Amino acid sequence: EYNGSDSVLTFKTFSFIAIAQAAASKYGYEYTHLFKTDDDSYVDLAALHYELNASVNTPKKFKCSPQNPQRECTHDYVGSCTVEDRYHESVHRDKKFKWSLSKAVYSEEYFPLYCQGAGFAMSKKFVECAVAHYHI
């Protein structure tokens, strides 16, 4: 349930995952991955298909982490993630900043490592785990 204090984008992402998993369970839909992208993005479907179906030994056209191109994909999540401590972003406290956060809302000085970008894919295993353990 959206309580108005969280990011609408976060709420929409959680809703997408939870609704897709609930529909798949209720109606017996099979899927290997869920894919979310921005409505103003173009997707190279052949490249996406190749990446999602590549085995561990298949040469990758894309790597999971642009910050560390040697990192192999597990294919539970394909997208852009911050994976190194140097990518921790500091929290903006200045109220003039559009996305500022007060200490009451988020008390840490830095955001945790996170994933972002115009699109991402999650494996069925990832989605089921996130929903089953109430991470969504």
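Not measured: the values here are computed from a predicted model.

Student: It is not clear to me how the overall build of the chain should be interpreted in this structure. Could you clarify?
Tutor: A tally of regular secondary structure across the chain gives 3 helices and 3 strands. Reading the chain from its N end, one meets helices and strands in the order α-β-α-β-β-α. Taking all 136 residues of the chain together, 23% fall into the buried category. Across the chain, contacts joining residues at least 24 apart in sequence account for 44% of those joining residues at least 6 apart. Per element, the accessible surface of the chain, about 10000 Å² overall, is 57% carbon and sulfur.

Student: I keep staring at the pattern of salt bridges and nothing clicks. Help me out?
Tutor: Pairs may arise between side chains of opposite charge once their charged atoms sit close together. Enumeration over the complete set of coordinates arrives at 4 salt bridges. A salt bridge links Asp 38 to Lys 36; the shortest N-O distance between them is 2.8 Å. Assessed through its relative accessible area of 29%, Asp 38 is described here as partly exposed. A salt bridge links Asp 76 to Lys 125; its shortest N-O distance comes to 3.6 Å.

Student: Hey, could you run me through the sheet that holds strand S3 (residues 115-123) in this one?
Tutor: Either a parallel or an antiparallel arrangement is found when strands of a sheet pair, and the pairing is made through backbone hydrogen bonds. Sheet architecture is open: 3 strands sit in the order S1-S3-S2, paired in antiparallel fashion. Whereas interior strands pair on both sides, the edge strands pair on one side only; in this sheet they are strand S1 (33-37) and strand S2 (77-81). For this sheet, the mean inter-axis angle between neighbouring strands, taken without regard to orientation, is 15°. Pairing between S1 and S3: 5 bridges, direction antiparallel. In the strand pairing of S3, Phe 35 is matched with Ala 121.

Student: How do you make sense of the pairing of S3 when you look at a structure like this?
Tutor: Remember that side chains alternate between the two faces of the sheet whenever the strand is regular. Two strands pair when backbone bridges link them, and S2 and S3 are joined in this way by 4 bridges, in the antiparallel orientation. Bridge pairing in S3 links Tyr 77 to Met 122.

Student: How should the nonpolar core be read in this particular structure?
Tutor: Ile 17, Ala 24, Tyr 31, Leu 34, Tyr 77, Cys 81, Phe 120, Met 122 and Val 127 together form the largest nonpolar core, which totals 9 residues. Secondary structure elements with two or more residues in this core: helix H1 (8-27), S2 and S3.

Student: How should the packing of aromatic side chains be read in this particular structure?
Tutor: Here the distance between the centres and the angle between the planes together describe a pair of aromatic rings. For the structure on display, the rule yields 4 aromatic pairs. Between Tyr 27 and Tyr 29 the ring centres are 5.8 Å apart and the planes differ by 35°, which places this aromatic pair in the tilted class. We note that Tyr 27, like Tyr 29, is exposed. Cluster of aromatic residues (ring-pair linked, three or more members): Tyr 77, Phe 120 and Phe 126. Across the ring face of Tyr 31, the terminal group of Lys 124 is positioned such that the distance to the ring centre comes to 5.5 Å.

Student: Please clarify how the side chain of His 33 should be interpreted in this entry.
Tutor: Note that His 33 resides in strand S1. At 3.1 Å, the side chain of His 33 forms a polar contact with the side chain of Thr 32. In this structure, His 33 is in contact with Leu 52, His 75, Met 122, Ser 123 and Lys 124, ignoring residues within four places of it in sequence.

About the thresholds
- Residues numbered from 1 in each chain as written.
- Predicted model: local features only at pLDDT ≥ 70, side-chain atom pairs only at ≥ 80, totals over all residues.
- Heavy atoms only, no water.
- Helix = DSSP H or I, 4+ residues; strand = E, 2+ residues; numbered from the N terminus.
- Buried < 20%, exposed > 50% of the residue type's maximum accessible area, 1.4 Å probe, protein only.
- Contact = heavy atoms within 4.5 Å.
- Areas by Shrake-Rupley, 256 points an atom, 1.4 Å probe, with all protein chains shown as cover.
- Salt bridge = Lys/Arg side-chain N within 4 Å of Asp/Glu carboxyl O.
- Pairing = 2+ DSSP bridges.
- Axes fitted to C-alpha atoms, helices over the stretch in contact; angles between N-to-C directions.
- Core = buried A, V, L, I, M, F, W, Y, C linked by side-chain atoms within 4.5 Å.
- Phe/Tyr/Trp six-rings, centres within 6.5 Å; stacked < 30°, edge-to-face > 60°.
- Lys NZ or Arg CZ within 6 Å of the ring centre and 35° of its normal.
- Polar contact = N/O pair within 3.5 Å; in protein donor to acceptor, adjacent residues only side chain to side chain.

Nothing here speaks to function; it is geometry throughout.
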